[in-house]
Amino acid sequence: MVTSQLDSILDLNTLEQYISAIGAGTLLKSVVLFEQLMPEYISSLVKAGDANDKETLCAEAHKFKGAAGSVGLKRIQQFSQLLQHGEEARWENEHKVWLAEIVEYAAQDLQQLKVYLEARV
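Residues numbered from 1 in each chain as written. Predicted model: local features only at pLDDT ≥ 70, side-chain atom pairs only at ≥ 80, totals over all residues. Heavy atoms only, no water.

Novice: I'm lost on the packing of helix H3 (residues 24-50) against helix H6 (residues 91-118) in this one. Help?
Specialist: Pairs of packed helices are described in terms of their axes, by the angle between the two and the distance that separates them. At their nearest, the axes of H3 and H6 sit 11 Å apart, and the two run at 170° to each other. Comparing the axis directions of H3 and H6 gives the class roughly antiparallel. Within the contact between the two elements, H3 uses Ala-24, Leu-27, Leu-28, Val-31, Phe-34, Glu-35, Met-38, Ile-42, Leu-45, Val-46 and Gly-49 and H6 uses Leu-99, Ile-102, Val-103, Ala-106, Ala-107, Leu-110, Gln-111, Leu-113, Lys-114, Leu-117 and Glu-118. In the contact of H3 with H6, the residues fall into 17 nonpolar, two polar and three charged. (Axes fitted to C-alpha atoms, helices over the stretch in contact; angles between N-to-C directions. Helix = DSSP H or I, 4+ residues; strand = E, 2+ residues; numbered from the N terminus. Parallel < 35°, antiparallel > 145°, perpendicular 65-115°, else oblique. Contact = heavy atoms within 4.5 Å. Nonpolar A, V, L, I, M, F, W, Y, C, P; charged D, E, K, R; others polar.)

What follows is the structure in C-alpha cells.
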C-alpha cells in the first residue's frame, strides 16, 4: 500500500514514535488485545445506534476513539471523534454514515495495522 494511502488509515507518526519507544513487538501485543475487544466496541456502537440512543452512542464513540487512537488507527479514531459529538449541528444528518464507516473499515484497518507492525518486528 502506498504510504499516503496508509497514512489516511494509520497514524504513522504516532506509530513510529511508539515503535521507537517500546518496539513493534510490544505494540503488536497491545494491538492484539485491542483486536479481542473490538467486536464488543463495535457491538455497543451498533446497538446504541439501532436504539437511537444518542447519549450512549456518543459515550461509546468517545471510548472507541480513545482505544483506536491508542493503537494508531487514524481513520477509525477520526470517525469516532465525529460520532462522539452529538451536539454538533451536522450530527443528526451524518451520524449513521459515520457509524457505517466505522463498521465497514474497522476490521480491515486493524489488519493493515497488524501487517505494518509485523513488518517491523
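Novice: What is the right way to look at the confidence of the model for the protein in this model?
Specialist: The predicted structure's coordinates, where accompanied by low pLDDT, should not be read in detail. On average, residues of the protein score 96 in pLDDT, and 100% of them reach the 70 mark or higher. Per-element confidence in the protein ranges from a low mean pLDDT of 90 for helix H1 (residues 3-9) to a high of 98 for helix H5 (residues 74-84). (pLDDT = per-residue confidence, 0-100.)

Novice: What am I meant to see in the environment of Val-46 here?
Specialist: Positionally, Val-46 belongs in helix H3. As a C-alpha pair, Val-46 and Glu-60 span 14 residues in sequence and 9.8 Å in three-dimensional space. Setting aside anything within four residues of it in sequence, one finds Val-46 in contact with Leu-99 and Val-103.

Novice: I keep staring at the packing of aromatic side chains and nothing clicks. Help me out?
Specialist: Counting across every chain of the model gives three aromatic pairs. In this structure an aromatic cluster arises from ring pairing among Phe-34, Tyr-41 and Phe-64. When the ring centre of Tyr-105 is taken as origin, the NZ or CZ atom of Arg-75, which lies over that ring, is 3.7 Å away. Positioned above the aromatic ring of Tyr-116, the side-chain terminus of Arg-120 is 3.6 Å from the ring centre. (Phe/Tyr/Trp six-rings, centres within 6.5 Å; stacked < 30°, edge-to-face > 60°. Lys NZ or Arg CZ within 6 Å of the ring centre and 35° of its normal.)

Novice: I would appreciate a short explanation of unusual backbone geometry in the present structure.
Specialist: Leaving glycine out, the prevailing phi sign among residues is negative, and the prevailing peptide bond configuration is trans. Positive phi is not limited to glycine here, since Asn-52 has a value of about 55°. By secondary structure assignment, the location of Asn-52 is in the loop between H3 and helix H4 (54-70). Looking at Asn-52, the relative accessible area reads 59%, which means it is exposed. (Buried < 20%, exposed > 50% of the residue type's maximum accessible area, 1.4 Å probe, protein only.)

Novice: Help me understand the side chain of Ser-80, please; the structure alone is not making it clear to me.
Specialist: Among the structural elements, Ser-80 can be located in helix H5. Those residues in contact with Ser-80, other than ones at most four positions away along the chain, are Ala-61, Phe-64, Lys-65 and Ile-102.

Novice: Explain the packing of helix H2 (residues 12-22) against H3 here, please?
Specialist: H3 packs onto H2 with a crossing angle of 120° between their chain directions and a minimal axis gap of 7 Å. For the pair H2 and H3, contact is made by Leu-15, Tyr-18, Ile-19 and Ile-22 and by Ala-24, Thr-26 and Leu-27, respectively. Split by residue class, the contact of H2 with H3 holds six nonpolar, one polar and no charged.

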